[in-house]
Structures are given as C-alpha cells and as structure tokens.
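What the coordinates show
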Amino acid sequence: MWLTPQLVFNGIITGLVYGLLAMGLVLVYRSTKVINFAVGNMGLLGSYVLALLVLNYRIPFWIAVVLALGVGLLYGAIIDLTVIRRLFDAPRVVLVVATVGVAQLSLALQQLLPAIDAAADRYPVAIGKTWDGVLGGIELTEAQLVVGSATPFGALALGYVLTRRSSAGLRVRLRLLRNSSVTRTWVVVTISSMALAAVLMYVLRAGPTTASTIRVQGSQLSILVMVPVVALALGLVLNRTMFGKSIAAASDDPDLAQLSAVNPRAVSTFVWATAGLLSTLSMIALSGGGSVAGLSNIGPLTLGRALVVAVVAGLVSFPRCVIVGIALGITESLVRFNFFDQPGLTDFFILVAVVCVLVFRGQVRHDSESFSFVPKIRPVLRDPGQIWWIRHLTALLLGAALLAAVLLPLVVSRPSRHLLYASIFCFAICAASLTVTTGWSGLLSLSQMSFAGIGALLAAGFHRGINIDLWGIDLRLWGAPFLVAIAIGAVLTAPIAALIGVTALRVRGPMLAIATFVFAIAAQQYLYRRPVLSGGNRTSVPFRRGTFFGLDLDSQRTYYYLCLAVLVVVVGVLWSLRDSGVGRTTIAVRDNADNAATYAVSPVRTRLIAFALSGAIAALGGGLLAGLVQSVPYTERFFLVDDSLRLVGIVVVGGIGSVLGSILGSVWVVGLPAFFEGNDLIGLFTSSIGLLVIIMYLPGGLAQVGHNVHSAALRWYRARHSPTTQPDPPRPTFQRPVTPAVPAGPETVLATSGLSVNFGGNEALRGVDLSVHRNEVVGLIGTNGAGKSTLMNAVGGLLDSRGTVHLLGADISRLKPTDRARAGLGRTFQAATLFPELTVRETIQVALEARSRTRLLPTLLFLPSARYTERQRRARADDLIDFLKLGPYADNFIGELSTGTRRIVGLCGLLALDARVLCLDEPTAGLAQRETEAVGPLLTELNRELGTSMLIIEHDMGLILSVSDRVYCLEAGTIIAEGSPDEVRTDPAVIASYLGTDARAIERSNMGFDSE
C-alpha cells in the first residue's frame, strides 16, 4: 500500500472541508434537532454567484467573496423565514423531508442563474500560487511540515507543552481543564493533532517512497487556515457566550426558553443563516481550482461525507468534526490512490462505519412523535337508507380512474408515449414501498431506489443466467423468464432491505435517514458494480423482455398494460394489509412502540417485516423500470441517489401513508412533466417548489384533499336526507376465554424479589420486594421521583433491572415486554397517549393480536382464512367496545379523544389482551374531578366481575385507599411501608414522607378511606 506525504496532505485538506460542512450539520442539529439534508446544496447558490461575479463580470475576488457569503447568509435566513418557521412546531421527520425539498430547490435556483463564460473552465481561488515543499514561502523540515499541516494548533500545542513543564503550570492547566469547556476543546484538538502528526511522521519515514516534498496549492492553504479558526469560533460562540446558551435553551425546551426572554424563532433564523454561510464557505473551498462545470455535482456527492463526519462526531462537537473529517479525508485519499480499480470502495467502508456506529452506540429511546401529517382516512359510516352510488362512491371513483388508464393507450397510439405513461406506474410502485416504511412505520428511508436498483440487477442476472463460484464449485443458474426473474429479484431484495432495517432497531427518524442515505451512495458508487450484479458491464446491464405465456412483452402497449396490472395488484395488497392486523400493528409501533410492546406486539419483528416488504415492492418496481428501456442503466438514471430523494417527494405530494398516495404523487411528479413536455416551470413546480408547498400547506398531501372532499360530500348528503334507521343486529355476548389455572400453592400472581434499577450510577430502585395476590387490588403510593413508574417499567420489561419477577408462578425476569404481555401482564401508562393515528376499534384490534397474530402470507394472497380471522377479530373488538360503553367513539381517532376516554380505551385494550394482572400507572392523571370519581367504581367492577388482579399507582389518596386491599409506599426507590390502607395511612413514615404533617392532607386521605 502506497503512503506518500502528498496523499496524506491532500486527504487532510479534503477532510477539513468535510469537517466544515459537518459543522453546519451539527449547528442546525444542536439548535433544532433536525438533520439538514440541504447543508451541501444551500451553498451552491452563493458559490455559483462567486464564480459568476469573478468570471463573467470581472469583479475582484475578495469583493465577490463577501457578496457570495452574503448571498449564502441571506439564503439561509430566507429558508428559515419561509419554510422552517412555517413548520416550526411540526414533527422533526417533516422538517427532514422539507430539507430534501430545500436541497432540490437550491439546485434548481442555481441552474436558473446566467451561464458562466464558456472560456472560463477553472473555479476562481484567492491564492493562485503553488509551493513545492514549502508553506507560506518558508522552507520546512519533515517534522515541521507534518505537525504544521496537521492543523494550525499543532505547532502552538507543541511549543506550549515543551515550555510549560513546571508543576505550578501543570496545576493551572488541570484546573482550566476541569472548569473550562473551551480549554477542554482546545486540549482535545491539540492531543489529536499531535497524534496525527506522529502517524504522518511514520508515513513519511516508512512509506515506499522517499519523497519528502509536498505541493501546497493556494486554495489548500486557505482551507488549512480557515477551517480550524471557524471550528474554534463556533465552539466559543456556542459554549462561552450567552447567545450560545440561548441556542441550547431554545433547542431543549422552546416554551421554557420563551419564559426566559429567549425567542426560539429568532434563534432559528440566526442558526439557519449561519448554516447557509458555512455551506457557502464549504462549497467555495471545495470548488477552488476545480472545474466550474462540475459545481452542481459537488453538493449531493459531498453531503454523504459530511453526514458521516457529523454522525461519528456525535452531532455535538465542532472540533470533533474537524478531527473525524481529517481521518475520513486521509482514508479516502489513500483508498482512492491504492485501489483505483475499485471505484466506490471508500463509500462501502463508510457505510460499514456508519452502521457500526449507529448499532453499537446503544439503544436510543424516542418519545412518541405525532404523525399528524399522515392522511387520516376516517371510516365511512354507511346508513341503510343511502342510495347505491353514495355507498359505493370510493369504488366508483377508483373504477373511473382505472377505466381512463385502460383507455389511454387506445387514444394515444404513439409507442413512446406508452412507455412514458408506463413509467408513471413503475414509479408509483416504487413509491408504494415508502408508504410502508415512512407512512406506516415512521422510518424515513432515503434508499428505496437503491433497493429498486439491486432488485433490477438481480432480475437481469437471473434472466441472463448467473455463474457462482461456491467453494471451488462453479454453479450456473440458468436464465429465467422476464417476469419470473423480476419476482425472484424482489424476493431476494427483501432480506437485503431487512438487513439495512436492522439499524432501525437502534435508531429512528433522522439517524435512520442518514444510514439509508449512506447506503444509497454506497449502492450507486460500489454495490451496483459488483460482478454478481453487473455481470462485468460497466454502465448498464441488458434486460430483454421477450415473451411470457404468449404475450409479446416487446410491444410497448402490452408492456404498459403489464405495468398497470402490477400496480393494481400492489395497491390491492397494500389496501388489504392496511386493513389487517399487519397494517394496524405497524402503525401502532410507529405511534407508540412501548405501548405496542405491552399489547404483545413486537416492535423489532414489525419493523423488520416493514423494511423487508418495502424492499420487495421497490425491487418489483425497479425491475419493471428496467424493462422500460430493456436494460439497467445503474450509472445514468432511475436508480441513483437523487432518484431516492425524488421518490420521497412523490409520496409526500401524494400523501404519506395513504395507499393511493403513491399513485397521486407519481401522476403529479412524473406525469405532469410527461404531459407538458418542454415546460421547465412544470418540472420545477412538481419537484422542489411543489414538495415544499405541499409540506407547508397540505401536510396530508393530495390524498388528504381527496378524503376531505369525500367526507364533505357524505356530510352534505346526510344533512339533506334523513334515511330510515334500522336497529343493529344483535351481537353475541362476549365470552372471556378460559385461562389456565395457577398451579396449587400460594395465591400470588405477581411477585418481585430484590428488584433494582440503575440510571447512570444512580439507583432508582433498591431491592424492592412486592407481591399481588389473586383477585387483589394493590396500591402503590409515593412522592414524585420515588420510583413508582420505574418499578412498573421494570415489571413490564421496559427497563433493564436486577432481581426477579414472577407472573402466575413463572419467572419472567428475562422475557421481553411482548412475551410478558402474552403471559398475562397488562400495563397502562400515565400519559395515556396510546396510538393517536388509530381509531378506537383499531386499537382494540391491535390488542387482540395477542390471541391470534395476523399471518402475513395469507393476507398477501387474499386467502379466505385471513378474511375470516379479520371478521372474527372485528366482532370481538365490537363486543369489548360495547362492554365498556365506547360505541359512540368506535370510529374516532385516539388523538381526538379526551384523556378520560383514552384511559377507558386503555383498559379495554387490557381486557382484549385477556391480561390476568393489570399494572395501572395513575389512571386518574389529567382527569376532571367528575371523571376521577367514576374511575374507582369502574376498577372495582372489573376486579369483581372479571377476577383481574391489579397493581395501581395513584396520587389521589381518597381513590387509592378506597379501592385497594393492600398498599405499598415507596421512597427513594425503597419500600418504607406495607399493609392495609388503614395501616399505611397512619404509618408515621408515610405521614412524614408522603402525606406530610399537614392536617388537611391527613383528613383528605381519611375521608377517602371512610367513604368506602
């Protein structure tokens, strides 16, 4: 492996630019918790203006630099005021998608500017001089050159360490290290630069070449000086100034920051303006001395590197961005030089590094995030008196659309138009994969067209025949027919997508978007070119259609109808999945993974199934796309990174989460430019501007508009007609399944022994022993922070704990939350959020999955057994809803219900689980007094009628003492009292710790106890 000083130096310079761009990412993330996917493209406008001013209008360089940086600063502020501020309170995933639109808009605006003088082929630089073996006109030795080139801090650090050896000076430096974040940052940069200098010294002395001179260009010298200064300045501003502290406060809690006279929106404007400035500075630095024509390609290609640097740096540290950027730059420089015959190898290494960082950084918990931007499809209530066309309005509209699609190639006879229209269907199929991952699972994937490309290459390989060398045995897989090959490619792509989806088990939202984006780059630059996929072809792989059961697929009209038929099948499958347990549980995990786990739904299994299914659908669409041009052009179009971003725009415009959203979005984004050829404004409005407008003003997309119009038409009809109502047919009485009896012995159904929980060295629970007997209600009281909810989470398996938990006589200490739920443990949460985007009936059906899980394959194949199971589950859900008098709310979304009603729905879900032990966390929290008074009798009735044991956390002493058979009192993670309500109420330790010495509190608890 060749290691030369020039390679290392070039890598350092490139890495510094990556670090500078990553600092823009870190700045926005630290301030708004948003991954800015426009961080590269935001600088295109300003950097292009610089070239335009210098090369076309002969304006002096430094004046043009100031104007260009001003353009970047202003552009960032405008983006914040027009886009970010409009979405300030939106979910973070919406803002991430908005930055994708901003990236596309930036590229479009740059292309609208006047063309640069054709005679100018090099980007302008501040210093045009080049030095060989010197830096700044000074001859350098090897050691001086290495240390100085590592970072400007290196020489200063070396002198500081050598001249300050006294013990007094050491004590001063240690004191500064403890007390000053700036000093800590400086020391980290210093030590890292010296370590890098040592490595470079070894490279210079041990490398295969004895060359010790380094060619230093003027643009490189500028980067060498500028990036560390910017990193230090940003660190000083954010860590040492009141404004930096205001930024941190606005990020952590915007509402609380406003009470401290901090305006979060003004902070956001400053941050985005600074991000625009940094992006422009990065693009200028990266473009220096390069080709002007390649300027528009810098943003998308560099974004992946900046994302990797920011992730490895933890998205928090500016100096760390510099260090990681240098390491990445050196690695890339060496790999490119030594493995020039393996293009994209660096991207593959980067993918592995990112996946390792995200997987091994530990499980990341996320608060449940609102997905109110997903179109809400409210169930249509059909009155018996409605006329036929009102009852079947949706089917009629879909039938009309399908008829128009069937007649279109008969009206337009040109074969080229048939292929163009067929591409709309293919993109709709690919976009449908995002409906599953992003719309249903809440996992923002930016690599769906990469899965489509892999599926298309696999299909082409199986179509021509693949040779595989397996342990010295040459296997040849003979060619399969065109459609069979596409199906095989889709099936094989599913596990590849699931493998990438493993990252989703650790991270969600923006972090997952980074992982999938890096995968898309690695696929485009490296994976597509593997011989097993490309077959040795360098730019495209042939994929001929041929015939299939007598059908001439080479006919463009026939192929159009084939793509339409596949789209109809995909839509039908997704429609069936959405109305089945598969779709409901996927959305439940998206809305509230912890609550779904307590309903015996496995978040891990659910997310992996979603990723695998989406990968198969994307591969299916990719194979059909390749069939359009009868080849897989993996270096030119269809399967590139930009196409994955385009796919996001399609589903956002159409409506994320709606089965028909992918079709509407594809017609809008792909179809309108096809119908209006040559109109640049149409293309602009259907991509960047259209995407941003939809996100800001129609967050539910075109699908939501259609659903709203449909609902309005039904309401208009009902308002003018009064159909005769008929009584509902009687339903069978709900029969509770017989639960196996507990073996003979103690009547204890729930018991903990030595249960302990630590949070970062702080012991939240210390050796808690607790028991709940059959048909018993046990109360758990204590002050805020005493460890009550921690105890509940440990019992439910949501926290790592020491000790043992026994349920119905079995040790469940090592079981996952889903397995504990299936064993008979039910749990409600204090917030009672449940699943905001599901209806009451769907929520109960999710809980019923614990009894009989919906099977994926029968649902995909529309088998009668799947339909029968679905009817049975709906009937059981309706029985439970009627049992708790929730009928009027059955078709309401959980997010629309009051807190009290949501808590009743939560109890209904536990009954659907057939839970034998209920753990209820503050069932009256957030309820009005009248609702609180109704909770006690309800709990007593459930305990008496259904024989369910309960462990209840409650602050209302009157309630908890009136319904409990026994009570435990916690303080600082330890039980300080146990016994009957009367004993605990009068216990001196409880009075001092919880009730206090106030006579009114004691009287209040006594009143509640006597009332029973």
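Residues numbered from 1 in each chain as written. Predicted model: local features only at pLDDT ≥ 70, side-chain atom pairs only at ≥ 80, totals over all residues. Heavy atoms only, no water.

1. Regarding the overall build of the protein
Put simply, the test is: Strands here are runs of E lasting at least two residues and helices are runs of H or I lasting at least four, both read from the DSSP assignment and numbered beginning at the N terminus. Accessible surface area values rest on a Shrake-Rupley calculation with a 1.4 Å probe, where residue burial reflects the displayed protein chains alone.
When its secondary structure is counted, the protein shows 42 helices and 20 strands. Just so you have it, the protein exposes about 43300 Å², and 61% of that area is on carbon and sulfur atoms.

2. Thoughts on helix α17 (residues 393-411)
Rule in force here: Multiply 1.5 Å by the residue count of a helix minus one, and that product is the helix's expected span. Residue burial is assigned from relative accessible area. The probe radius is 1.4 Å, only protein chains are included, and a residue is buried under 20% of its type maximum, exposed over 50%, and partly exposed in between.
A rise of 1.5 Å per residue sets the reference length of α17, with its 19 residues, at 27 Å; its end C-alpha atoms lie 26 Å apart and thus fit the reference within 8%. Residues Leu 393, Ala 405 and Pro 409 constitute the buried set of α17.

3. Regarding the packing of helix α37 (residues 899-913) against helix α38 (residues 929-946)
How we decide: Only the stretch in contact is used when fitting a helix axis, every axis being a line fitted to C-alpha atoms; angles between N-to-C directions are given from 0 to 180 degrees. Roughly parallel refers to an angle under 35 degrees, roughly antiparallel to one over 145, roughly perpendicular to one between 65 and 115, and oblique to any angle outside these ranges. Residues count as neighbours in contact if any of their non-hydrogen atoms are within 4.5 Å of one another. By the convention adopted, Pro, Cys, Tyr, Trp, Phe, Met, Ile, Leu, Val and Ala count as nonpolar, Lys, Arg, Asp and Glu as charged, and the other residues, Gly among them, as polar.
Viewed as axis vectors pointing N to C, α37 and α38 meet at an angle of 10 degrees, and their least axial separation amounts to 12 Å. Our classification of the angle between α37 and α38 gives roughly parallel. Only Glu 931, Leu 938, Leu 939, Leu 942 and Leu 946 of α38 make contact with α37, whose side of the interface consists of Gly 900, Ile 904, Leu 907 and Leu 911. Within the contact of α37 with α38, the residues separate by chemical class into seven nonpolar, one polar and one charged.

4. Things to note about the sheet that holds strand β15 (residues 810-811)
Test applied: A pair of strands is labelled paired if DSSP reports no fewer than 2 bridges between them.
In spatial order, the strands read β12-β11-β14-β15; together these four strands make up an open sheet with antiparallel pairing. Of all strands in the sheet, those with a lone pairing partner are β12 (762-773) and β15, marking the two edges. As paired strands, strand β11 (residues 748-759) and strand β14 (residues 802-807) are joined by five bridges and run antiparallel to one another. Within β14, the residue paired with Ala 751 across the bridge is His 806. Of the strands in this sheet, β11, β12 and β14 are in contact with helix α32 (residues 788-796), which crosses β11 at around 115 degrees.

5. Notes on the environment of Gly 276
As for its position among the elements, Gly 276 is in helix α12 (residues 264-287). On a C-alpha basis, the gap between Gly 276 and Gly 70 in space is 9.3 Å, while along the polypeptide they are 206 residues apart. Ignoring sequence-local partners within four residues, the contact set of Gly 276 consists of Met 42, Gly 72, Leu 73 and Gly 76.

6. Some words on a nonpolar patch on the surface
The condition that has to hold: Within this analysis, patches are made of residues with over 30% relative accessible area and no salt bridge. Like charges are joined at 9 Å or less; nonpolar side chains (Val, Leu, Ile, Met, Phe, Trp, Tyr) at 5 Å or less. Should a side-chain nitrogen of Lys or Arg be within 4 Å of a carboxyl oxygen of Asp or Glu, the pair is scored as a salt bridge.
Taken together, the side chains of Leu 402, Leu 403, Val 406, Leu 407, Leu 410, Val 411 and Val 568 make up a nonpolar region of the molecular surface, amounting to roughly 600 Å² of accessible area. With six residues, the single largest contributor to the nonpolar patch is α17. Here Val 411 lies in helix α17.

7. As for the environment of Val 667
Among the structural elements, Val 667 can be located in helix α28 (residues 661-675). Put simply, Val 667 and Thr 686 are 19 residues apart on the chain and 9.8 Å apart in space, counted from C-alpha to C-alpha. If sequence neighbours within four positions are ignored, Val 667 has contacts with Ile 424 and Leu 672.

8. Some remarks on empty space enclosed by the protein
Selection criterion: For cavity detection a 1 Å grid was placed over the protein atoms alone, and a set of points counts as a cavity when a 1.4 Å probe fits there but cannot get out; an open set counts as a pocket when protein lies on both sides within 12 Å along at least five of seven lines, with lining residues being those that have an atom within 4 Å of a point. Grid points are joined across faces, edges and corners, and a volume is the space filled by probe spheres set on the points.
According to the stated counting rule, one finds six cavities of 30 Å³ or more in the structure shown. When its volume is computed, the largest cavity comes out at roughly 160 Å³. Around the largest cavity, the lining is made up of 16 residues, and of these Thr 828, Arg 902, Arg 903, Gly 906 and Leu 907 lie nearest the centre. Those elements giving two or more residues to the lining of the largest cavity turn out to be β16 (825-828) and α37. Per element, the largest residue contribution to the lining of the largest cavity is six residues, and it comes from α37. Its residues assigned to classes, the lining of the largest cavity comprises 10 nonpolar, three polar and three charged.

9. Some thoughts on the pairing of β14
Both β14 and β15 contribute to a ladder of two bridges, which runs antiparallel. Bridge assignment links Leu 807 to a residue of β15, and that residue is Ala 810. In sequence, β14 turns back onto β15 through a hairpin of two residues, with Leu 808 there showing a positive phi of about 55 degrees.

10. Some words on the sheet that holds strand β19 (residues 966-971)
Read across the sheet, six strands follow the order β16-β17-β18-β13-β19-β20 without closing on themselves; strand pairing throughout is mixed. Both edges of this open sheet fall to β16 and β20 (974-979), since each of them pairs with a single strand only. Between one strand and the next, the sheet's axes are offset by a mean angle of 15 degrees, whatever the strand orientation. Bridging between β16 and strand β17 (residues 917-921) involves four bridges; their strand directions are parallel. Bridge pairing links Thr 828 to Leu 920 in β17. On top of the sheet, α38 reaches β13 (777-782), β17 and β18 (949-953); it is set at about 155 degrees to β18, its chief contact.

11. Here we look at the packing of aromatic side chains
Applicable threshold: Any pair of Phe, Tyr and Trp rings, taking the six-membered ring for Trp, is counted once the centres come within 6.5 Å. Such a pair is stacked with planes under 30 degrees apart, edge-to-face with planes over 60 apart, and tilted for the rest. Only Lys NZ and Arg CZ are tested; either one counts as a charge over a ring when it is within 6 Å of the ring centre and within 35 degrees of the ring normal.
Within the structure shown, the criterion is met by 13 aromatic pairs. Measuring from ring centre to ring centre gives 5.1 Å for Phe 425 and Tyr 560, while their planes differ by 55 degrees; the resulting arrangement is tilted. Here Phe 425, found in helix α18 (residues 415-440), pairs with Tyr 560, found in helix α23 (residues 556-578); they are 135 residues apart in sequence, far enough to count as distant. Note on Phe 425: relative accessible area 11%, which makes it buried. Note on Tyr 560: relative accessible area 1%, which makes it buried. Every member of this aromatic cluster is reached through a ring pair, and the members are Phe 348, Phe 349 and Tyr 526. Taking NZ or CZ as reference, Arg 530 lies 3.9 Å from the ring centre of Tyr 526, over its face. Positioned over the ring face of Tyr 559 is Arg 545, at 4.3 Å from the centre of the ring.

12. Concerning the pattern of salt bridges
Scanning the model with the defined rule gives 17 salt bridges in all. The partner of Asp 878 in a salt bridge is Arg 841, and the shortest N-O contact between them spans 2.8 Å. Of this pair, Asp 878 sits in helix α36 (residues 864-883) while Arg 841 sits in helix α34 (residues 840-848), and the two are 37 residues apart along the sequence. Taking relative accessible area as the criterion, Asp 878 reaches 9% and is therefore assigned buried. Owing to a relative accessible area of 10%, Arg 841 belongs among the buried residues under this scheme. When salt bridges that share partners are traced, they join Arg 305, Glu 332, Arg 336 and Asp 347 into one network.

13. Things to note about the confidence of the model for the protein
Short version of the rule: Note on scores: pLDDT gives the predictor's confidence for each residue, bounded by 0 and 100.
Overall, the predicted model of the protein reaches an average pLDDT of 78, with 78% of residues at or above 70. Scored below 50 in pLDDT, residues 199-211 shows 23 contacts in the model against residues more than four places distant or in partner chains. Scored below 50 in pLDDT, residues 723-746 makes 23 contacts in the model with residues more than four places away or belonging to other chains.

14. Overview of the side chain of Glu 776
Note the threshold: Under the rule applied, a polar contact is a pair of N or O atoms within 3.5 Å (in protein, one hydrogen donor and one hydrogen acceptor; residues adjacent in sequence only if both atoms are side-chain atoms).
Position of Glu 776 relative to the elements: it lies in the loop between β12 and β13. Assessed through its relative accessible area of 8%, Glu 776 is described here as buried. Of note is the side chain of Glu 776, whose polar atom sits 2.8 Å from the backbone nitrogen of His 773. In contact with Glu 776, not counting residues within four places along its chain, are Asn 943, Ser 949, Met 950, Asp 965 and Arg 966.

15. Quick word on the environment of Ile 894
Looking at where Ile 894 falls in the secondary structure, it is placed in the loop between α36 and α37. Given the relative accessible area of 0%, Ile 894 is considered buried. Once the C-alpha coordinates of Ile 894 and Pro 836 are considered, the two residues, 58 residues apart in sequence, prove to be 4.6 Å apart. If we ignore the near neighbours within four places in the chain, the residues touching Ile 894 are Thr 833, Leu 834, Phe 835, Pro 836, Leu 838, Thr 839, Val 840, Thr 843, Arg 902 and Val 905.

16. Topic: the nonpolar core
Short version of the rule: The term nonpolar core refers to a set of buried residues drawn from Ala, Val, Leu, Ile, Met, Phe, Trp, Tyr and Cys, joined through side-chain atoms within 4.5 Å.
Among the nonpolar cores identified, the biggest contains 253 residues, and Met 23 and Phe 37 are the most heavily contacted of them. Beyond its immediate stretch of four places on either side in the chain, Phe 37 contacts Val 96, Thr 99, Val 100, Ala 103, Leu 303, Leu 307, Leu 446, Ala 513, Ile 514 and Phe 517. In terms of nonpolar packing, the next biggest core, distinct from the first, is built from 26 residues, Val 768, Val 778, Ile 812 and Ile 953 among them.

17. Considerations on α12
Helix length check: α12, at 24 residues, gives a terminal C-alpha distance of 34 Å against a target of 34 Å (1.5 Å per residue), a fit within 8%. Of all 24 residues making up α12, 19 are buried, and the element is well covered by its neighbours.

18. Overview of the pairing of β18
Test applied: Here is how to tell: hold the view so the strands point away, follow the path from the first strand over the helix to the second, and if it runs clockwise the crossover is right-handed.
Burial analysis of β18 places five of its five residues in the buried class, which makes it a mostly covered element. A crossover links β17 with its parallel partner β18, the connecting element being α38, and its sense is right-handed.

19. Observations concerning the packing of helix α1 (residues 5-32) against α12
α12 packs onto α1 with a crossing angle of 170 degrees between their chain directions and a minimal axis gap of 9 Å. The pairing of α1 with α12 is recorded here as roughly antiparallel in orientation. Contacts between α1 and α12 pair Val 17, Leu 20, Leu 21, Met 23, Gly 24, Leu 27, Val 28, Ser 31 and Thr 32 from the former with Ser 268, Val 271, Trp 272, Thr 274, Ala 275, Leu 278, Ser 279, Leu 281, Ser 282, Met 283, Ala 285 and Leu 286 from the latter. In terms of residue class, the contact of α1 with α12 is made up of 14 nonpolar, seven polar and no charged.

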